[in-house]
Amino acid sequence: EAQRQSLLQAIAISAGVAVGTFLPHQRQEAFNTLEQFKTYDGRVAIALQLLEAPSHSLTLPGSTNTIDVTAATKLYALLILQNFLKTGYVKLGDGDRVAFRTSVLAACRQLATSTSSAAAGEAAAPAAVLLNDAESRMLAMKLSALLADIVVRDFPQRWPTFASEVFAPLSRGGLWCEPRTADEIAQRSRGGYGAMIGTKVALECLRIVTEDCTDSDYNAKISTKRRNDVLIGLNEVSSQVLPLIFALLSEEYGIVTSAKTTLREMEAYLASAGRTVAQMTPEERDMYDAQLARREGAGRLVADSLRTIEKFCSAMPLDWILVGSAANGGGG
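The shown structure was predicted, so the numbers you read here are calculated from the model rather than taken from an experiment.

1. Description of the confidence of the model for the chain
Now for step 1: Averaged over all residues, the pLDDT of the chain is 87; the fraction at 70 or higher stands at 85%.
Now for step 2: Within the chain, the lowest mean pLDDT, 56, falls on helix α12 (residues 318–327), and the highest, 97, falls on helix α7 (residues 162–166).

2. What to know about the packing of aromatic side chains
Now for step 1: This structure, assessed with the given rule, holds 8 aromatic pairs.
Now for step 2: A centroid spacing of 5.4 Å and a plane angle of 65 degrees characterise the contact between Tyr89 and Phe100, whose relative ring orientation is edge-to-face. Taken together, the residues Tyr89 in the loop between α4 (70–87) and α5 (94–119) and Phe100 in helix α5 connect sequence positions 11 residues apart. By the burial criterion, Tyr89 is buried, and Phe100 matches it.
Now for step 3: Taken together, Phe155, Trp159, Phe162, Phe167 and Trp176 form an aromatic cluster joined through their ring pairs.
Now for step 4: A cation over a ring is seen here: Arg300 above Tyr193, with NZ or CZ 5.4 Å from the ring centre.

3. Some details on the pattern of salt bridges
Now for step 1: For the structure on display, the rule yields 14 salt bridges.
Now for step 2: Between Arg97 and Asp154 there is a salt bridge whose closest N-O contact spans 2.6 Å. One end of the pair, Arg97, is in helix α5; the other, Asp154, is in helix α6 (residues 133–154), and 57 residues separate them in sequence.
Now for step 3: Here Lys225 makes a salt bridge to Asp229, at a shortest N to O gap of 3.0 Å.

4. Focus on the side chain of Glu204
Now for step 1: Considering the arrangement of structural elements, one finds Glu204 in helix α9 (residues 197–214).
Now for step 2: Of the residues examined, Glu204 reaches a relative accessible area of 6% and is grouped as buried.

5. Things to note about the packing of α4 against α6
Now for step 1: Close contact between α4 and α6 brings their axes to 10 Å; oriented N to C, the two are set at 20 degrees. Here α4 is positioned roughly parallel relative to α6, judged by the angle of their axes. Judged by the sense of rotation from one axis to the other, the crossing of α4 with α6 is left-handed. On α6, the residues touching Ala71, Lys74, Leu75, Leu78, Leu81, Gln82, Leu85 and Lys86 of α4 are Glu135, Met138, Leu139, Lys142, Leu143, Ala145, Leu146, Asp149, Ile150 and Arg153.

6. Brief notes about the nonpolar core
Across soluble globular proteins, you tend to see nonpolar side chains buried next to one another.
Now for step 1: Core analysis: the biggest nonpolar cluster contains 89 residues, and Phe100, Leu147, Phe162, Val166 and Leu234 have the highest contact counts within it.
Now for step 2: Top contributing element to this core by residue count: helix α10 (residues 224–272), with 11 residues.
Now for step 3: Once residues lying within four places of it in the same chain are set aside, the contact partners of Leu234 are Phe155, Phe162, Leu206, Val209, Thr210, Phe312 and Met316.
Now for step 4: Among the nonpolar cores identified, the runner-up in size contains 6 residues, and Leu263, Met266, Met280 and Leu292 belong to it.

7. Quick word on helix α1 (residues 2–14)
Now for step 1: An ideal rise of 1.5 Å per residue puts 18 Å on 13 residues; α1 measures up with 18 Å between its terminal C-alpha atoms.
Now for step 2: Taken as a whole, α1 has its buried residues at Leu7, Leu8, Ala10, Ile11, Ala12 and Ile13.
Now for step 3: Looking one or two residues past α1, Gly16 carries a phi angle of roughly 80 degrees, positive in sign.

8. Describing the side chain of Thr73
Now for step 1: In this structure, Thr73 sits in helix α4.
Now for step 2: A polar atom in the side chain of Thr73 sits 2.7 Å from the backbone oxygen of Val69.
Now for step 3: Residues within four places of Thr73 in sequence aside, it is in contact with Leu8, Ile11, Leu50 and His56.

Cut-offs applied
Throughout this description, residue numbers start from 1 for each chain and increase along the sequence as written. Local features in this predicted model are restricted to residues of pLDDT 70 or higher, and side-chain atom pairs are both shown and tallied only at a pLDDT of 80 or more, whereas totals for entire chains, interfaces and linings draw on every residue. Working from all heavy atoms in the structure, the side-chain values ignore hydrogens and water. Think of pLDDT as the predictor's per-residue confidence, scored from 0 to 100. Helix and strand definitions here come from DSSP, where helices need a minimum of 4 consecutive H or I residues and strands a minimum of 2 consecutive E residues; each element is numbered from the N-terminal end. Only rings of Phe, Tyr and Trp enter the pairing, Trp through its six-membered ring, and a pair is recorded when the two centres are within 6.5 Å. The plane angle decides the type: under 30 degrees is stacked, over 60 is edge-to-face, the rest tilted. Remark: exposure states derive from per-residue accessible area (1.4 Å probe, protein chains only) relative to the maximum for the residue type, with buried under 20%, exposed over 50%, and partly exposed in between. Cation placement over rings: the criterion is NZ of Lys or CZ of Arg within 6 Å of the ring centroid and within 35° of the ring normal. Salt bridges are identified by distance alone: a Lys or Arg side-chain nitrogen within 4 Å of an Asp or Glu carboxyl oxygen. Lines fitted to C-alpha atoms define the axes, with helix axes restricted to the stretch in contact, and inter-axis angles between N-to-C directions lie between 0 and 180 degrees. For classification, angles of less than 35 degrees are called roughly parallel, those exceeding 145 degrees roughly antiparallel, those between 65 and 115 degrees roughly perpendicular, and all remaining angles oblique. By convention the crossing between two helices is left-handed if the near helix lies anticlockwise of the far one by an angle smaller than a right angle, and right-handed if it lies clockwise. Only heavy atoms matter for contacts: two residues are in contact if any of them lie within 4.5 Å across the pair. Nine residue types can take part in a nonpolar core, namely buried Ala, Val, Leu, Ile, Met, Phe, Trp, Tyr and Cys, and a core is a set of them joined through side-chain atoms within 4.5 Å. Multiply 1.5 Å by the residue count of a helix minus one, and that product is the helix's expected span. In the analysis that follows, any N or O atom pair within 3.5 Å is treated as a polar contact, provided that within protein one partner can donate a hydrogen and the other can accept it, and provided that, for residues neighboring in sequence, both atoms belong to side chains.

Here it is in structure tokens:
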């Protein structure tokens, strides 16, 4: 516990989370602590624990205030794990690889379920901390990259259930969004993904994997055989994944269109009364902002879906797609 507290304090100081004036030697000590931890033999197990934990907080010496360091701690843990993937992951046996990715998936689900509960107005887990939109997005992007690096190394031979685990609904242990009520859609903030953050992780992971296996700027990192194995595996699960993404795209585009129509109607109403958006009443402003949040939240997912589809489909040779379609009963 003493080591954990020392590490959290170093993270808080280095990340600027801790409020106060710190002397140069204190900042240097914090930096040294974080650098030394990068070579500590037990760093991977500790980093996985830090990543999976719902929250992190500490009280600095000489203070009575407890500060939240959840986002900064998880980002540091992700840095440790990302570096390990590049150097030590190849030495792990099958059992350790399963344990590693199980912990990473658990962290992804923890992020997805906490934001989903918040968006639905439900109570979060007792120890959970509600991250702000920027923190959730940053963690989602970093988790996606880490998950993608595991996929590139293990799928499909060592991780044949990748698609069924990641693209399963949250209620069945996956990351994909559940059917949502109108209220849940309306509760999106303009800057975040809310209950859809797990879907963001799944889409971004798939996009990165495909990019790593096809784009010339990236595929030098991966052997030709490994790239081919991954692409063949992706083609085999395309019938599981693509319908989900197309359905999401259709739903979110419908929300964008509906919100834009409502916004135009509200603006037309204001114009007919000789008023502008700046002259709205507080009640009108709340309704207008709610539609902006719907439009922008759905717009982000439309863009994410299109980027993923573009990368995924361009990576699949046409004859693979046609053969797969025929095998699944497709026809022209």
